[in-house]
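Reading the structure
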Amino acid sequence: MYAVIFGKNPALSEAEFHSFSRRFGLKVRPAESNRYWVLFESSSEIERHFHWLGGSLKLVRIIGEGDGAIRNLEYSRLFTVSLYGRNDWRLWRKLGSDIKREFKEEGPAKFFKPAKTYAMPAELILKGFPEVKDFVFIFKEDGSFLVGETVKVTDPFELKKLDVERPVQKPILSIPPRLARIMVNLSEVRKGSFLDPFCGIGTVLQEFVLQGLSAYGSDRDEGQIRAAKKNLAWLRREFHLKNSAHLEVCDARKLKRCFRQRFDAIVTEPYLGKPLKRHPGRGEAIKLANELDRFYYPVFESFADVLKRHGRVVFVFPAYKLSGGGVYRKERKWLGKLGFEVLGRYTDYEERHKLVRDIHVLRYRG
Ligand SMILES: C[S@@+](CC[C@H](N)C(=O)[O-])C[C@H]1O[C@@H](n2cnc3c(N)ncnc32)[C@H](O)[C@@H]1O
């Protein structure tokens, strides 16, 4: 039995986890889940692929349930304790002491408390791995709890490097590498050819290339294509990769003119409109969304020209946090008319953008 601990957008993390399991053909049988974690049966195969999950924090191997399970933990000279579902300093200390006592017979043990937190962040775990074990207590609503050990974490150092060490950066305009990874998983396409037709400086392309996928990118702006090329050359050097991406200067409404082949998946964050200075009112939001739809409609017509039958699209539409509270998310019936079936919709919000990402997962009926 395993548990996956979700990241800061749990609904998106959960959707990604299920897509990821299907994408990698993992036989996962969920047993229970709540806002912060999912508990499931799976073969150890998941440990090999966990690295490619963007929105989760930890993979925990469950050892047992309740106090008695502490006895079955494997000895470690140094350990940390993470609590999920409880924020209780006394409990945290007590469980640490219980473990220490259990370990006494096997040798001295130190409860490592490096941060003022009851759940060890992946950064700290990675620094200590594997000498420092992270023992995890997952509390359910009825007060019972599961005990386990962190066996994998997603790598925040790698994701940060992909963002801030590349030669060309555009902090406001580009998508976080973690979200690029999530979107690739949401496509559920494991192998095949992937296109980002609004590639910008190439964040999504970086993810395609890192995963060894057949990668294609285009952008209307030649300067962006030059920037993406620079970033990809850096990526290949830093990560010792042999593959790269095919890049074209191309208007996303005219993809047929630039690409001869058909794609298995399109994963992209398009132009989302001018940056907002403040949150719009409802009327304003509707107007902004309608204006952009006049651009997105021919973009999707063009997607239909270059997608394989049943090809997938993961696309960020803008939604708007309103000045009066609430969020405006537009319904787009025209997607169905163009042959695109919406399989899922998830939101992600970043304060600095004042914009909500309304991530759509679509299938092209062909
Ligand atoms: C939001 S950015 C994409 C950022 C990219 N996902 C990244 O993280 O680097 C949008 C990009 O769309 C491009 N763009 C705008 N209109 C376009 C069009 N009609 N066809 C193709 N690209 C277009 C812009 O040049 C810009 O690079």
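Criteria and thresholds
- For every chain, the first residue of the written sequence is number 1, and numbering continues from 1 along that sequence.
- Under the rules for a predicted model, residues below a pLDDT of 70 receive no local features and side-chain atom pairs below 80 are neither given nor counted, while totals for whole chains, interfaces and linings still include all residues.
- To get the side-chain values, take all heavy atoms of the structure and skip hydrogens and water.
- Helix and strand definitions follow DSSP, with helices as H or I runs of at least four residues and strands as E runs of at least two, each counted in order from the N terminus.
- Contact criterion: two residues are considered in contact whenever any of their non-hydrogen atoms come within 4.5 Å of each other.
- The source of the domain bounds is an automatic or database domain assignment.
- When two parts are brought into contact, each loses some accessible area as probed by a 1.4 Å sphere; the total of that loss over both is the buried area.
- The rule for a salt bridge is simple: a side-chain nitrogen of Lys or Arg has to be within 4 Å of a carboxyl oxygen of Asp or Glu.
- Counting of polar contacts relies on pairs of N or O atoms within 3.5 Å, with two restrictions inside protein: one atom must be capable of donating a hydrogen and the other of accepting it, and residues adjacent in sequence are counted only when both atoms are side-chain atoms.
- Charged means Asp, Glu, Lys or Arg here, nonpolar means Ala, Val, Leu, Ile, Met, Phe, Trp, Tyr, Cys or Pro, and polar covers whatever is left, Gly included.
- Consider each residue's heavy atoms; a residue with any of them within 4 Å of a molecule or strand counts as near.
- Here, Shrake-Rupley sampling with a 1.4 Å probe gives the accessible areas, and only protein chains in the shown set may cover a residue.
- The way it works is a 1 Å grid over only the protein atoms, where trapped points that fit a 1.4 Å probe form a cavity and open points with protein on both sides within 12 Å along at least five of seven lines form a pocket, and then any residue with an atom within 4 Å of a point lines it.
- By definition, a pocket or cavity contains a molecule when more than half of the molecule's atoms lie within 2 Å of the pocket's grid points.

A word on the environment of L343. Of note, L343 is situated in strand β15 (residues 340-350). When the C-alpha positions of L343 and G200 are compared, they lie 26 Å apart, and in sequence the two are 143 residues distant. Apart from the residues within four sequence positions on either side, L343 is in contact with R312, V361, L362 and R363.

Moving on to the domain arrangement of the chain. Split into domains, the chain comes out as domain 1 (2-154) and domain 2 (158-364). Taking only C-alpha atoms into account, the centre of domain 1 sits 33 Å from that of domain 2. Of the residues lining the interface, 17 residues belong to domain 1; the matching set on domain 2 comes to 19 residues. When domain 1 packs against domain 2, close to 1600 Å² is buried across both sides, 55% of that on carbon and sulfur atoms. Contact with domain 2 buries area across many residues of domain 1, yet L12, R23 and W52 alone supply 47% of it, more than any other trio. The interface formed by domain 1 and domain 2 contains one salt bridge. We note a salt bridge from E188 to R22, for which the minimum N-O separation is 2.9 Å. Counting the contacts that link domain 1 with domain 2 gives twelve residue pairs in polar contact (both at pLDDT 80 or more). Taken together, the residues of the side of domain 1 that touches domain 2 break down into six nonpolar, eight polar and three charged.

It is worth spelling out the site of the ligand at this point. Near the ligand there are 22 residues, and of these I175, T203, D219, D251 and A252 occur at the shortest range. In this structure, an oxygen atom belonging to the ligand sits 2.9 Å away from a side-chain N or O atom of T203. D219 places a side-chain nitrogen or oxygen 2.7 Å from an oxygen atom of the ligand. When isolated, the ligand has an accessible area of 610 Å², and the protein chains bury 91% of it. Among the cavities detected, the one that contains the ligand is the largest pocket.

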